[in-house]
Structures are given as C-alpha cells and as structure tokens.
Amino acid sequence: MTKADINKIIRNRRSVFPAQYNDKVVSKAFIEILLENANWAPTHRLTQPWRFKVLQGDAKSRLGVFLSDTYTDITSNDDFSPFKHKKIINNCNAASAIIAICMQRDIKERIPEWEEIASTAMAVQNMWLTCTSHHVGCYWSTPKLIKYMDGFFDLEEGERCLGFFYLGNYNEGESGESKRDQIESKVEWVE
C-alpha cells in the first residue's frame, strides 16, 4: 500500500445508509476481517475495551422489533413519529449485518472511561476504513435507544452499548460526497 492509497481510503470514507444497500450479502469472512482489524486499535494499558455483537438473519428482525417497541414505549403520543418507527425496522431489515458496538469498562478503572470510549471509537474507525477499502457500505448509528440494550443483550457488568454499525453492499456511485472545512481553520501552530 502506498501513502496515496491510505490517504484516498481515509478521504473516501463515507456513511452509507441502510436505505442505500442492495441485496448482496456481506460475507461472514469479510465480517471476520473487519472485526480482526478493529481488534488492532490503540488501547491504553491494553484494556481492549471494544466488544462486538454481530446480528444476521432473524436476529436483525428481532432487533428491529425490540427497538421499534422500545421507541413506542418511551415516546409520548405527541412526539411519536410513525416515519421514525418504520425507519427503525427498515434499517434493521435492509442491512446485511448489524454489529452492536459495545464498550467493556475496565473493572479496576485504571484509566478514565473516556479513553476506553475513544479506543472503542478507534476500533470502529478501523472497521470503517476496512469497509471503505473493500467498497462495503457502513453506518454508525447512536440512537437514544442504545441505553435500553441491556433488555436485548446479556451485557456483562460494566459493559454498555455505544451504537450500531450497519453493513451492506451498495451500488458504486451511490455513496455520496463528503465535505470538510479547510484544515487551516482548525489548526493553531505553536512554536
């Protein structure tokens, strides 16, 4: 891989949403590579806090039902959106696989929690860049509903869900463009 390759992969990384996915299945072999790459994220004191729960097949539908039912239960009639309720189910069904992104807090709390969240986010970035390099669509969603995931998963003590990583193949040219402000507006050089 050349420097230009890694620069291109980083700059081409995009959120590709479940509505953009086609019917081509993301293989288990690819998901295993994805997770192995996640496992090489930086981790302070080697706490390796990332945990992943891979949902495929009927498990995706069960997650959709759980999330949509939870949304119904916690949302007032005035705030309830039939569109959002349907979108929750559609996203779960449209994805080839969904990976629940979890973080296992170091039981000894040897490092600040934010560092373990940051490590988990870096593991997800490794997954995202892997998807980009293989032209697989992905999207990290962090709905309010993640705080209820202990009702769906058997989470360990100190483990919590940080979101869902939706995976799906998509047709080339449908990933869209991303924009960034110039880096100069975000950097201060101090000498």
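What counts, and where the lines are drawn
Along each chain, numbering runs from 1 in the same order as the chain's sequence is written. For a predicted model such as this one, the threshold for reporting local features is a pLDDT of at least 70, and the threshold for listing and counting side-chain atom pairs is 80 or more; totals across whole chains, interfaces and linings nevertheless cover every residue. Think of the side-chain values as coming from all heavy atoms in the structure, minus any hydrogens and water. When accessible area is computed with a 1.4 Å probe and restricted to protein chains, residues below 20% of their type maximum are described as buried, those above 50% as exposed, and intermediate ones as partly exposed. Segments assigned H or I by DSSP are reported as helices when at least four residues long, segments assigned E as strands when at least two residues long, and all are numbered from the N terminus. When DSSP finds two or more bridges between two strands, those strands count as paired. Inter-axis angles, ranging from 0 to 180 degrees, are taken between N-to-C directions of lines fitted to C-alpha atoms, where helices are fitted over the stretch in contact. Working definition: roughly parallel below 35 degrees, roughly antiparallel above 145 degrees, roughly perpendicular at 65 to 115 degrees, and oblique for all remaining angles. Helix crossings are classified by the rotation of the near helix relative to the far one: an anticlockwise turn of less than a right angle makes the crossing left-handed, while a clockwise turn makes it right-handed. In what follows, residue pairs with any heavy atoms lying within 4.5 Å of each other are defined as contacts. Each residue receives one of three labels: charged for Asp, Glu, Lys and Arg, nonpolar for Ala, Val, Leu, Ile, Met, Phe, Trp, Tyr, Cys and Pro, and polar for the others, Gly being one of them. Stacked, tilted and edge-to-face pairs are distinguished by plane angle, under 30 degrees for stacked and over 60 for edge-to-face with tilted covering the rest, among Phe, Tyr and Trp rings (Trp via its six-membered ring) whose centres lie within 6.5 Å. Sitting over a ring, as applied to charges here, requires NZ of Lys or CZ of Arg to be within 6 Å of the ring centre and within 35 degrees of the ring normal.

Visitor: Would you mind going over the pairing of strand β2 (residues 97-104) with me for this structure?
Guide: The side chains of a regular strand alternate between the sheet's two faces. β2 sits mainly inside the fold: eight of its eight residues count as buried. Strand direction decides the pairing type here: strand β1 (residues 50-55) and β2, joined by six bridges, are antiparallel. Paired with W50 across the strands is M103, a residue of β2. Here β2 pairs with strand β4 (residues 159-168) via eight bridges, running antiparallel. Looking at β4, one finds that Q104 is bridged to E159.

Visitor: Would you take a moment to explain the packing of helix α2 (residues 28-38) against helix α5 (residues 113-133) for this structure?
Guide: If you want to describe how two helices pack, look at the angle between their axes and the distance between the axes. Contact geometry of α2 with α5 gives a least axis separation of 7 Å together with a crossing angle of 140°. Taken together, α2 and α5 sit at an angle that is classed as oblique. In terms of crossing hand, the pair formed by α2 and α5 is right-handed. Every residue of α5 that contacts α2 at F30, I33, L34, N37 and A38 is listed here: A123, N126, M127, T130 and C131. Class assignment for the residues of the contact of α2 with α5 results in seven nonpolar, three polar and no charged.

Visitor: What exactly am I supposed to notice about the sheet that holds strand β3 (residues 137-141) here?
Guide: Backbone-to-backbone hydrogen bonds pair the strands of a sheet. The strands run either parallel or antiparallel. The sheet built from four strands is open, its strands ordered β1-β2-β4-β3 with antiparallel pairing. The strands lining the two open edges of the sheet, one partner per strand, are β1 and β3. Averaged over neighbouring strand pairs, the angle between their axes works out to 25° when direction is ignored.

Visitor: I tried to follow the packing of aromatic side chains on my own but got confused; where do I start?
Guide: Given two aromatic rings, their pairing is described by the distance between the two centres and the angle made by the two planes. The full count for this structure, using the stated rule, is seven aromatic pairs. Between Y71 and F80 the ring centres are 5.2 Å apart and the planes differ by 35°, which places this aromatic pair in the tilted class. Centre to centre, the rings of F152 and F153 are 5.0 Å apart; their planes meet at 85°, and the pair counts as edge-to-face. An aromatic cluster of at least three residues, connected via ring pairs, comprises F17, Y139, F164 and Y166. Against the face of F153 rests K53, its NZ or CZ located 5.8 Å from the ring centre.

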